[in-house]
Every structure is written in structure tokens, then in C-alpha cells.
Amino acid sequence: MKTNMDEEVYNQQIEAIAGAMIEDDLSIDEQNPTNLQKYKEKAMSVYNLRDEDAMKLVYDALLYLKLKNSPDGDPLTKGDQFGAGFS
């Protein structure tokens, strides 16, 4: 079970990776692992994550961006509906 502090740190990591994606003008629908490699490597080096965990963070960042750009509401409150780590 994650603690609130763990969730807060993870949410900050998601926002940081999402910010890098926005800077690079990456499509929020991107699914090609080759195009996502840069963000996975950043997550691995900056946050000291393993390969699988880094890729999960990258996909959570994409989901965050999708929810953020959705007209239906706040991604931080809607994340639980999709099983995302941010809430």
C-alpha cells in the first residue's frame, strides 16, 4: 500500500514527465515505444526507476495529459476512475 507521501512524489514525477512531453510537443496519443524512449530514459536516470517502472510512469504521464485535456474535469480527481497512480 502506498502512503500519501509516495503518491505525492509519484504525482510530481508524472507532472514532470508530462511537462517534458508538452515542451517537446509530443502527441498525447503517442504509443510508439521508440518515440517514448527519451521519457523512459529520463525517468530511469532522474528517478532511479527500473525499466518497467519507468515505462509505467511514462504511460501514466500520457494518461494524465489526456485527462488534463479532457473537457470532463480535473485529471487528479478523475485518475482513480482509470486506475492511474495520481489522485
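Given the structure is predicted, the values throughout are model-derived calculations rather than measurements.

Bringing the side chain of Gln 13 into the picture now. Tracing the backbone shows Gln 13 in helix α1 (residues 4–23). In contact with Gln 13, other than residues within four places in its own chain, are Tyr 47 and Leu 57.

With that out of the way, let us pick up the environment of Arg 50. Residue placement: Arg 50 occurs in the loop between α2 (33–47) and α3 (51–68). Measuring from C-alpha to C-alpha, the distance between Arg 50 and Lys 40 comes to 9.5 Å, with 10 residues separating the pair along the chain.

Our next topic: α1. The α-helix winds at 3.6 residues per turn, so residues separated by three or four positions along the chain end up facing the same way. An ideal rise of 1.5 Å per residue puts 28 Å on 20 residues; α1 measures up with 28 Å between its terminal C-alpha atoms. Turning to α1, its buried residues number three or more, namely Tyr 10, Asn 11, Gln 13, Ile 14, Ile 17, Ala 18, Ala 20 and Met 21. In this structure, the buried side of α1 is in contact with α2 and α3. Following α1 by one or two positions, Asp 25 has its phi on the positive side, about 60 degrees.

It is worth spelling out the packing of α1 against α2 at this point. Two elements in contact, α1 and α2, have axes separated by 11 Å at closest approach and are oriented at 140 degrees. Relative to α2, α1 is oriented oblique. When you trace α1 past α2, the crossing you get is right-handed. Here Gln 13, Ala 16, Ile 17, Ala 20 and Met 21 of α1 lie close against α2, whose contacting residues are Tyr 39, Lys 42, Ala 43 and Tyr 47. Classifying every residue of the contact of α1 with α2 by side-chain character gives seven nonpolar, one polar and one charged.

This brings us to the packing of α2 against α3. At a minimum axis separation of 8 Å, α2 and α3 run at an interaxial angle of 120 degrees. Between α2 and α3, the interaxial angle falls into the category oblique. Here α2 runs over α3; the crossing is right-handed. Between α2 and α3, the contacting residues are Leu 36, Tyr 39, Lys 40, Ala 43, Met 44 and Tyr 47 on the first element and Asp 51, Ala 54, Met 55, Leu 57, Val 58, Tyr 59 and Leu 62 on the second. For the contact of α2 with α3, the residue count by class is 11 nonpolar, no polar and two charged.

Conventions and cut-offs
- Residues numbered from 1 in each chain as written.
- Predicted model: local features only at pLDDT ≥ 70, side-chain atom pairs only at ≥ 80, totals over all residues.
- Heavy atoms only, no water.
- Helix = DSSP H or I, 4+ residues; strand = E, 2+ residues; numbered from the N terminus.
- Contact = heavy atoms within 4.5 Å.
- Expected span 1.5 Å × (residues − 1).
- Buried < 20%, exposed > 50% of the residue type's maximum accessible area, 1.4 Å probe, protein only.
- Axes fitted to C-alpha atoms, helices over the stretch in contact; angles between N-to-C directions.
- Parallel < 35°, antiparallel > 145°, perpendicular 65-115°, else oblique.
- Left-handed = near helix turned anticlockwise from the far one by under 90°.
- Nonpolar A, V, L, I, M, F, W, Y, C, P; charged D, E, K, R; others polar.

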